[in-house]
Amino acid sequence: IKEFDQRPYSGSRIILLVSDGGATTWPGRTPSPRSAPESMCGRADEMPENITSTCPPIRSFAAGAEPVDLGPALDGVMAVLLHKYPERSAAVEVALPEGLPPAFCEPTHVGQVLTNLIGNSLEYTSGSVLVEARQVQRGWLEITVTDHGQGMPMASVETLFEKTGPAGRNRSQGGLGLGLYLCRLVVERSFGGRIWVASSDRTGTTFKFTVPARVRP
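Just so it is clear, the model here is predicted, and its values are computed rather than measured.

A.B. asks: Teacher, can you tell me more about the packing of aromatic side chains here?
C.D. replies: Geometry of an aromatic ring pair is reported as the spacing of the ring centres plus the angle between the planes. By the definition in use, this model includes two aromatic pairs. Considering the side-chain rings of F161 and F207, the 6.1 Å spacing of their centres and the 90 degrees angle between planes classify their relative orientation as edge-to-face. Placement of the pair is F161 in the loop between α3 (154-158) and α4 (178-191) and F207 in strand β9 (residues 204-212), with a sequence separation of 46 residues. For the pair shown, F161 and F207 are each scored as buried.

What follows is the structure in structure tokens.
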């Protein structure tokens, strides 16, 4: 499957991309559980069995937006996921370019979307997961989550973000449930952006979504 409207953050490795194409790595960096805002998706020790149902329904999309640095936001997300997937969280790697502007959105909402996408990759695949972000045009960021699983059938991709099917079915069968439906609502109604499957085949699945950026004049 190609060109449908996804990469790994490591609780153990963060890569900061620099302008000359190199990278700086900090081995052993594991986000502290204290850095995860409990309001993001509830307390980590109260997380339900299936990550796709972790975040509560979004009742209002009129929350006030504010600048959100993606690095610290991802630290918080990974601190939450570390409790759910202690053996898998080290498979996540985050690669953020130097000088990336902050997102401009409701912090809780972007945390919910990232928690669902990264959590699903940890839940349904056994390989690495890559999280990336880039500025695609002035005023917008594109965030990518790529796993290295078995991919999904084309038919399931077409309805992946609809409110159909119970949460918790195997992702290869197209049954991620309410989690991705809520992600679509948040991205579209809160961010004014879009979320899609960029590719899905035997080498893995790539999700992308867009969020407003705080760009200085």
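A.B. asks: Just to check I follow, could you spell out the nonpolar core for this structure?
C.D. replies: The nonpolar side chains of soluble globular proteins are, as a tendency, buried together. By size, the foremost hydrophobic cluster in this structure holds 40 residues, and its most contacted members are V113, L114, L117, I118, F191, F207 and F209. If we ignore the near neighbours within four places in the chain, the residues touching I118 are L74, V77, M78, L81, V92, V131 and V145.

A.B. asks: Looking at this structure, I do not really get the environment of A95. What am I missing?
C.D. replies: Topologically, A95 is positioned in strand β4 (residues 92-97). For A95, a relative accessible area of 7% gives the class buried. Sequence separation of A95 and L130 is 35 residues, and the distance between their C-alpha atoms is 7.5 Å.

A.B. asks: I tried to follow helix α2 (residues 107-124) on my own but got confused; where do I start?
C.D. replies: Residues spaced three or four apart along an α-helix face the same direction, because each turn holds 3.6 residues. Taking 1.5 Å per residue, 18 residues should reach 26 Å; α2 reaches 26 Å between its end C-alpha atoms and fits that length. At the N-terminal end of α2, a side-chain oxygen is found 3.1 Å from the backbone nitrogen of T108, two or three residues along, and the residue is E106.

A.B. asks: Explanation requested: the packing of helix α1 (residues 70-84) against α2 in the structure shown.
C.D. replies: Packed helix pairs are characterised by how far apart their axes lie and by the angle those axes make with each other. Two elements in contact, α1 and α2, have axes separated by 10 Å at closest approach and are oriented at 40 degrees. Classified by the interaxial angle, the pair formed by α1 and α2 is oblique. Handedness of the α1/α2 crossing: right-handed. Judged by residue contacts, L74, V77, M78, L81 and K84 of α1 engage G111, L114, T115, I118, G119, L122 and E123 from α2. The class makeup of the residues in the contact of α1 with α2 is seven nonpolar, three polar and two charged.

A.B. asks: Hey, could you run me through the pattern of salt bridges in this one?
C.D. replies: Between side chains of opposite charge, a pair can form when the charged atoms approach closely. Throughout the structure, instances matching the rule amount to three salt bridges. Ionic pairing is found between E142 and K208, a salt bridge with its closest N-O pair at 3.3 Å. Taken as a pair, E142 in strand β7 (residues 140-147) and K208 in strand β9 lie far apart in primary sequence, 66 residues in all. When its relative accessible area of 8% is taken as the criterion, E142 is described as buried. Given the relative accessible area of 18%, K208 is considered buried. Residue R184 is joined to E188 by a salt bridge in which the shortest nitrogen-to-oxygen separation is 3.3 Å. Here R184 and its partner E188 are both found in helix α4, four residues apart, which amounts to about one turn of the helix. For E188, a relative accessible area of 36% translates into the label partly exposed. Here the residues in one salt-bridge network are R134, E142 and K208, joined through shared partners.

A.B. asks: Sorry, what's going on with the pairing of strand β6 (residues 129-137) here?
C.D. replies: Residues in a regular strand project their side chains so that they alternate between the two faces of the sheet. In terms of strand pairing, β4 meets β6 through four bridges, oriented parallel. Bridged to V94 within β6 is V131. In this structure, β6 lies alongside β7, joined through eight bridges in antiparallel fashion. For V131, the partnering residue across the bridge sits in β7 and is V145. Linkage of β6 to β7, two consecutive antiparallel strands, is achieved through a turn of two residues, within which G139 is found at a positive phi near 95 degrees.

A.B. asks: So what exactly am I meant to see when it comes to the pairing of β7 here?
C.D. replies: Counting buried positions along β7 gives seven out of eight residues, so the element sits mostly inside the fold. Relative to β9, β7 runs antiparallel, the two sharing seven bridges. Paired with L141 across the two strands is V211, which belongs to β9.

Rules of the game
Residues numbered from 1 in each chain as written. Predicted model: local features only at pLDDT ≥ 70, side-chain atom pairs only at ≥ 80, totals over all residues. Heavy atoms only, no water. Phe/Tyr/Trp six-rings, centres within 6.5 Å; stacked < 30°, edge-to-face > 60°. Helix = DSSP H or I, 4+ residues; strand = E, 2+ residues; numbered from the N terminus. Buried < 20%, exposed > 50% of the residue type's maximum accessible area, 1.4 Å probe, protein only. Core = buried A, V, L, I, M, F, W, Y, C linked by side-chain atoms within 4.5 Å. Contact = heavy atoms within 4.5 Å. Expected span 1.5 Å × (residues − 1). Polar contact = N/O pair within 3.5 Å; in protein donor to acceptor, adjacent residues only side chain to side chain. Axes fitted to C-alpha atoms, helices over the stretch in contact; angles between N-to-C directions. Parallel < 35°, antiparallel > 145°, perpendicular 65-115°, else oblique. Left-handed = near helix turned anticlockwise from the far one by under 90°. Nonpolar A, V, L, I, M, F, W, Y, C, P; charged D, E, K, R; others polar. Salt bridge = Lys/Arg side-chain N within 4 Å of Asp/Glu carboxyl O. Pairing = 2+ DSSP bridges.

These figures capture arrangement, not role.
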